[in-house]
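# Structure at a glance
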Amino acid sequence: AKNLAAIGAFLVMHVQAAWLLWRGQTGIMLASMCNNRLRFWCEILANFIVWPVSTYIDQAVKHYCFTLCTDLWVSASQALQERAARHGAFLTVTQPGDSSTLSVESPIQRLAEIKGIFSMLEQQLSSVLLPLMPALYLWPTMIRGVGVWSPLLLVFNYVAFRGCQLLAPDWQALQREETVLE
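Throughout this description, residue numbers start from 1 for each chain and increase along the sequence as written. Thresholds applied to this predicted model are a pLDDT of at least 70 for local features of residues and 80 or more for the giving and counting of side-chain atom pairs; totals over whole chains, interfaces and linings are not thresholded and use all residues. In computing side-chain properties, one takes all heavy atoms of the structure into account and sets aside hydrogens as well as water.

### Overview of the overall build of the chain
Quick reminder of the rule: Starting at the N terminus, helices and strands are each numbered in turn, a helix being any DSSP run of H or I of at least four residues and a strand any DSSP run of E of at least two. Partly exposed residues are those whose accessible area sits between 20% and 50% of the maximum for their type, while under 20% is buried and over 50% is exposed, using a 1.4 Å probe and protein chains only. Here a residue-residue contact requires only that any non-hydrogen atoms of the pair lie within 4.5 Å. Each accessible area value is a Shrake-Rupley result obtained with a 1.4 Å probe; residue values ignore everything except the protein chains displayed when judging cover.
The helix and strand inventory of the chain stands at 7 helices and 0 strands. Classification of the 182 residues of the chain by burial places 21% in the buried group. Taking as baseline every contact in the chain between residues at least 6 positions apart, the subset at least 24 positions apart corresponds to 66%. Total accessible area computed for the chain in this model is approximately 13600 Å², and 67% of it derives from carbon and sulfur atoms.

### Considering helix H5 (residues 114–146)
To keep things clear, this is the line we draw: One less than the number of residues in a helix, times 1.5 Å, gives the span that helix is expected to have. The bend at a residue is defined as the angle formed between two axes, one fitted to the seven residues ending at that residue and one fitted to the seven starting there.
A rise of 1.5 Å per residue sets the reference length of H5, with its 33 residues, at 48 Å; its end C-alpha atoms lie 45 Å apart and thus fit the reference within 8%. By the largest-angle criterion, leucine 138 marks the main kink of H5, which is about 45°, and a proline, proline 140, follows within four residues. Positioned one or two residues after H5, glycine 147 has a phi angle of 85°, which is positive.

### A short note on the state of the cysteines
Linking two cysteines covalently via their sulfur atoms produces the bond known as a disulfide. Here is the rule we go by: Disulfide assignment relies on a single distance test, namely cysteine sulfur atoms paired within 2.5 Å.
The tally for this structure, following the rule as stated, stands at 0 disulfides. Among the cysteines around cysteine 69, which has no disulfide bond, cysteine 65 carries the closest sulfur, lying 6.6 Å off.

### Focus: the pattern of salt bridges
This is how it is decided: Salt bridge, as used here, is a side-chain nitrogen of Lys or Arg placed within 4 Å of a carboxyl oxygen of Asp or Glu.
If you walk through the whole model with that rule in mind, you get 2 salt bridges. One salt bridge connects glutamate 43 with arginine 23, and the closest N-O pair in it is separated by 3.2 Å. Of this pair, glutamate 43 sits in helix H2 (residues 37–87) while arginine 23 sits in helix H1 (residues 2–33), and the two are 20 residues apart along the sequence. Judged by its relative accessible area of 7%, glutamate 43 is buried. Overall, the relative accessible area of 36% leaves arginine 23 in the partly exposed class. With a shortest N-O distance of 3.7 Å, glutamate 43 and arginine 39 are connected by a salt bridge. In this pair, glutamate 43 and arginine 39 both sit in helix H2, 4 residues apart, roughly one turn of the helix.

### Concerning the packing of aromatic side chains
A ring pair, where both rings are aromatic, is described by two values, the distance of the centres and the angle of the planes. Heads up, the rule is: Stacked, edge-to-face and tilted labels apply to pairs of Phe, Tyr and Trp rings (six-membered ring for Trp) whose centres lie within 6.5 Å, assigned for plane angles under 30 degrees, over 60, and everything in between, in that order.
One pass over the full model with this rule turns up 3 aromatic pairs. For the ring pair phenylalanine 10 and tyrosine 64, a centre distance of 5.8 Å and an interplane angle of 25° mean the geometry is stacked. Of this pair, phenylalanine 10 sits in helix H1 while tyrosine 64 sits in helix H2, placing them 54 residues apart in sequence. Classification of tyrosine 64 as partly exposed rests on a relative accessible area of 24%. Among the aromatic residues, ring-to-ring pairing joins Phe10, Tyr56 and Tyr64 into one connected group.

Honestly, that's just the spatial picture; any functional story needs more than this.
Written out as structure tokens, the structure reads:
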């Protein structure tokens, strides 16, 4: 629960830091277009302060996602090992009495493979949460600004992207064919 609370707090801070970065970059452009040198240098100085903070927040989210998934993995593996030890599950799995049940060659190896599931979960959390939070934060602004077209625009973008993927040539097959011909 502590890791989830930390992830939530850092995600809220991530949105605010991303907003400050976007505002700072447009502030630099505005100051340079207006030939306001003092504001230009103030915006650059402010961005030098916001960038490390934003990077720290991103790394903290990734760290807490890793910690959360590691804690989940430890809890799951302890529970499975306890069940296996108490109920003799290893013997039942390696030498099933019923011929319709498949035997598992190395149940200990299967328990060790559980870490891979939680590693994938951690990677997905880290890679999806950071870009998704600003989108969710800006969703009301997008709907107020563009209206009902904003959700439809997202759907249309997905359909266009998926259509391009379906129509694009299979580059791996082309490369395999090219290496065969060479």
